[in-house]
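A structural walkthrough
Chain by chain, the residues:
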Amino acid sequence: MIRAMSPQRRYCLAALASALLLPLAGAAQQEAAAKLALTVVDVEPANPGADTLCRLKVTIRNDGDQIASQLGFNVKLNGEELGVYGNQLFMYPVPAGGELEIPLYNFWTTETSRPTMPANGKFAVEVELREAQWMDISIEKEIVERAGEQVEEEVEVWTPLGPVTGLPVAAGVTLDAAG
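Residues numbered from 1 in each chain as written. Predicted model: local features only at pLDDT ≥ 70, side-chain atom pairs only at ≥ 80, totals over all residues. Heavy atoms only, no water.

This part covers the packing of aromatic side chains. A full pass over the atoms with the stated rule returns four aromatic pairs. Between the aromatic rings of tyrosine 85 and phenylalanine 90, the centroid separation amounts to 6.3 Å while the plane-to-plane angle is 25°, which identifies the pairing as stacked. Both rings, one in phenylalanine 90 and one in tyrosine 105, keep their centres 5.3 Å apart while their planes meet at 55°; by these two values the pair is tilted. Highlighted residues: phenylalanine 90 in the loop between β4 (80-81) and β5 (99-103) and tyrosine 105 in the loop between β5 and β6 (107-108), separated in sequence by 15 residues. Since its relative accessible area comes to 8%, phenylalanine 90 is described here as buried. Among the aromatic residues, those joined into a ring-pair cluster are Phe73, Tyr85, Phe90 and Tyr105. (Phe/Tyr/Trp six-rings, centres within 6.5 Å; stacked < 30°, edge-to-face > 60°. Helix = DSSP H or I, 4+ residues; strand = E, 2+ residues; numbered from the N terminus. Buried < 20%, exposed > 50% of the residue type's maximum accessible area, 1.4 Å probe, protein only.)

Structure representation (structure tokens):
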């Protein structure tokens, strides 16, 4: 005999299922988020002054089983986005189970959009890895014609396998301005 379940009982069962499954979903999201991490944000010079060109590098750790690439970043200086990153992807291969230092774009401490030094004498640099792709990078042999002759050469082929989940991840550094 099949009985209809009361609304209260359905609500209790739904709440119980949610309570049991929510930690599993959270763990899966944390696991996905942990595949790529920004481990270092490096700015040189360490104590820039006004009108100083700064070199920016980041180190990415890849705890995944595949190469990661097609890296999309957002960078903020004292809370203001540096617009150059909006439509750029960096094609550096971050090895599975490894780390890679990636040079990003240099920036000026003060420029037209930021004409004055920060009042607190600090430069907060925030870097966000907003997107990435898992990649297969292989070497294939290809026959090409050169000077009327058939020649075999090796070609590196990059095949996107899908987006890295768990992004964005972010890291930052705060620099003291030069005296």
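Following the structure, the description resumes.
Another aspect to go through is the pattern of salt bridges. Under the counting rule described, the total for this entry stands at 10 salt bridges. The salt bridge partner of arginine 55 is glutamate 44, with a shortest N-O separation of 3.0 Å. Taken together, the positions of arginine 55 in strand β2 (residues 53-62) and glutamate 44 in strand β1 (residues 36-44) put the pair 11 residues apart, joining distant regions of the chain. Assessed through its relative accessible area of 34%, glutamate 44 is described here as partly exposed. Here glutamate 101 and lysine 57 are joined by a salt bridge, their closest N and O atoms 3.8 Å apart. (Salt bridge = Lys/Arg side-chain N within 4 Å of Asp/Glu carboxyl O.)

Here we take up unusual backbone geometry. In this structure, proline 45 follows glutamate 44 across a cis peptide bond, with omega equal to 5°. Of note, proline 45 is situated in the loop between β1 and β2. Here the bond from leucine 167 into proline 168 is cis, since omega is 15°, no more than 30 degrees from zero. Locating proline 168 in the fold gives a position in the loop between β8 (149-163) and β9 (169-176). A positive phi angle, near 50°, is found at glutamine 70, a position not held by glycine.

Counting residues in hydrophobic clusters, the biggest one holds 31 residues, and the most contacted among them are Leu56, Phe73, Leu104 and Val127. If you tally residues by element for this core, the top one is strand β7 (residues 122-146), at six residues. Discounting residues that sit within four places of it in the chain, valine 127 has contacts with Leu38, Val41, Leu56, Val58, Phe73, Asn74, Val75, Leu104, Val169, Ala170 and Ala171. (Core = buried A, V, L, I, M, F, W, Y, C linked by side-chain atoms within 4.5 Å. Contact = heavy atoms within 4.5 Å.)

A few words on the confidence of the model for the protein chain. Per-residue confidence for the protein chain gives a mean pLDDT of 85, with 80% of residues at or over 70. Here residues 10-32 is modelled with pLDDT under 50, and outside its nearest four sequence neighbours on either side it reaches four contacts, counting other chains as well. (pLDDT = per-residue confidence, 0-100.)

Counting through the fold element by element, threonine 110 comes out in the loop between β6 and β7. The residues touching threonine 110, leaving out its near neighbours within four places in the chain, are Ala50, Asp51, Pro115, Thr116 and Met117.

Bringing the side chain of lysine 57 into the picture now. Checked against the element boundaries, lysine 57 lands in strand β2. Classification of lysine 57 by relative accessible area gives buried; the value is 13%. In contact with lysine 57, not counting residues within four places along its chain, are Val40, Val41, Asp42, Glu44, Glu101, Ile102, Pro103 and Leu104.

With that settled, consider the environment of tyrosine 92. Note on placement: tyrosine 92 falls in the loop between β4 and β5. Looking at tyrosine 92, the relative accessible area reads 33%, which means it is partly exposed. Between the C-alpha atoms of tyrosine 92 and leucine 71, which are 21 residues apart in sequence, the distance is 7.6 Å. Once you skip the residues sitting within four places of it in the chain, tyrosine 92 turns out to touch Ala68, Ser69, Leu71, Leu100, Ile102 and Pro103.

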